[in-house]
Amino acid sequence: MKKILVAIDGSDASMHAARTAATIATGLGASLTLAHVVPPPFVPPEVPFGVQAWTDEAVKAGERLLEAASRELGVACERQNLSGSPAERLADLAEQGSFDLLVVGSKGRGAVSRVLIGSVTDRLVHICKRPVLVVR
């Protein structure tokens, strides 16, 4: 195992996953990449203003989040700040980047919650062609 990708969204669960991935990467001598995905904004068509300012700020917030996570981990890592549908973008990055493992956090939602609100983690487990480690 040489390349590990970690999804970061600012939650405690994602930071716990990042710490776990950093431990694995250090133990195996693998490289670590942190990835954050800015989801597309949902704006009803009747809203009279654009969303570019919001999108720009969300991208900047993602950069700050990746910087803080990297600093907290205290290990060398690459950072990817992406835009789009989180599960699909992460699965694509894992595949195209030839990552050996994708590590994501779990918020411990029950089956009913997953059905009602969806879950990036749940979707990743189903669509990612690379191994996915869900850290609780």
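I will try to describe carefully the structure that is included in this document. Source: prediction; values computed, not measured.

Some details on the pattern of salt bridges
Phase 1: This model, assessed by the stated rule, comprises 6 salt bridges.
Phase 2: Across the pair R130 and E95 runs a salt bridge whose closest N-O atoms are separated by 3.6 Å. Of this pair, R130 sits in the loop between helix 5 (120–127) and strand 5 (132–135) while E95 sits in helix 3 (residues 86–96), placing them 35 residues apart in sequence.
Phase 3: What makes R130 partly exposed here is its relative accessible area of 24%.
Phase 4: According to the relative accessible area criterion, E95 is partly exposed, its value standing at 34%.
Phase 5: What you see here is one network of salt bridges that share partners, running through E67, R71 and R79.

Focus: the packing of helix 3 against helix 5
Phase 1: Two numbers describe how helix 3 lies on helix 5: the axes approach to 9 Å, and their chain directions differ by 40°. For the element pair helix 3 / helix 5, the angle class is oblique. In the crossing of helix 3 with helix 5, the sense of the turn from one axis to the other is right-handed. For the pair helix 3 and helix 5, contact is made by P86, A87, E88, L90 and A91 and by V120, R123, L124 and I127, respectively.

Here we look at the sheet that holds strand 3 (residues 78–83)
Phase 1: Spatially, 5 strands are ordered 3-2-1-4-5 in an open sheet, and the strand pairing comes out parallel. In this open sheet, the two strands that pair with only one neighbour each are strand 3 and strand 5. With strand direction ignored, the average angle separating the axes of adjacent strands in the sheet is 25°.
Phase 2: Bridge count for strand 4 (residues 101–105) against strand 5 is 4 bridges, and the pairing is parallel. Paired with V104 across the bridge in strand 5 is V134.
Phase 3: With respect to the sheet, helix 3 is in contact with strand 1 (3–7), strand 2 (31–38) and strand 3, its orientation differing from that of strand 2 by roughly 150°.

Some remarks on the side chain of T121
Phase 1: Take T121: it is sitting in helix 5.
Phase 2: By relative accessible area, which is 17% here, T121 ends up buried.
Phase 3: Not counting the four nearest positions on each side in its chain, T121 is found in contact with V104, G105 and V134.

Comments concerning the packing of aromatic side chains
Phase 1: If you walk through the whole model with that rule in mind, you get 0 aromatic pairs.
Phase 2: Cation over ring: K3 sits above F99, and NZ or CZ is 4.6 Å from the ring centre.

Conventions we followed
- Here the residue numbering is sequential within each chain, running from 1 through the sequence in written order.
- Only residues with pLDDT of 70 or above have their local features reported here, since the model is predicted, and side-chain atom pairs are shown and tallied only from 80 upward, although totals for entire chains, interfaces and linings are computed over all residues.
- Heavy atoms throughout the structure, all of them, feed into the side-chain values; hydrogens and water do not.
- For this analysis, a salt bridge means a side-chain nitrogen from Lys or Arg found within 4 Å of a carboxyl oxygen belonging to Asp or Glu.
- Counting from the N terminus, the helices are DSSP H or I runs at least four residues long and the strands are E runs at least two residues long.
- Remark: exposure states derive from per-residue accessible area (1.4 Å probe, protein chains only) relative to the maximum for the residue type, with buried under 20%, exposed over 50%, and partly exposed in between.
- Convention adopted: a line fitted to C-alpha atoms gives each axis, helices being fitted over their contacting stretch, and angles between N-to-C directions are expressed from 0 to 180 degrees.
- Here the angle decides the label: under 35 degrees means roughly parallel, over 145 means roughly antiparallel, 65 to 115 means roughly perpendicular, and every other value means oblique.
- Take the far helix as the reference: if the near one is turned anticlockwise from it by less than a right angle, the crossing is left-handed, and if turned clockwise, right-handed.
- Contacts between residues were defined by any pair of non-hydrogen atoms, one from each residue, lying within 4.5 Å.
- When DSSP locates at least two bridges between a pair of strands, those strands are taken to pair.
- Stacked, tilted and edge-to-face are the three classes assigned to paired rings of Phe, Tyr and Trp, where Trp is represented by its six-membered ring and a pair needs centres within 6.5 Å; plane angles under 30 degrees give stacked, over 60 edge-to-face, the rest tilted.
- Lysine and arginine charges are scored as sitting over a ring when NZ or CZ, respectively, is within 6 Å of the ring centre and within 35 degrees of the ring normal.

By themselves these figures say nothing about function.
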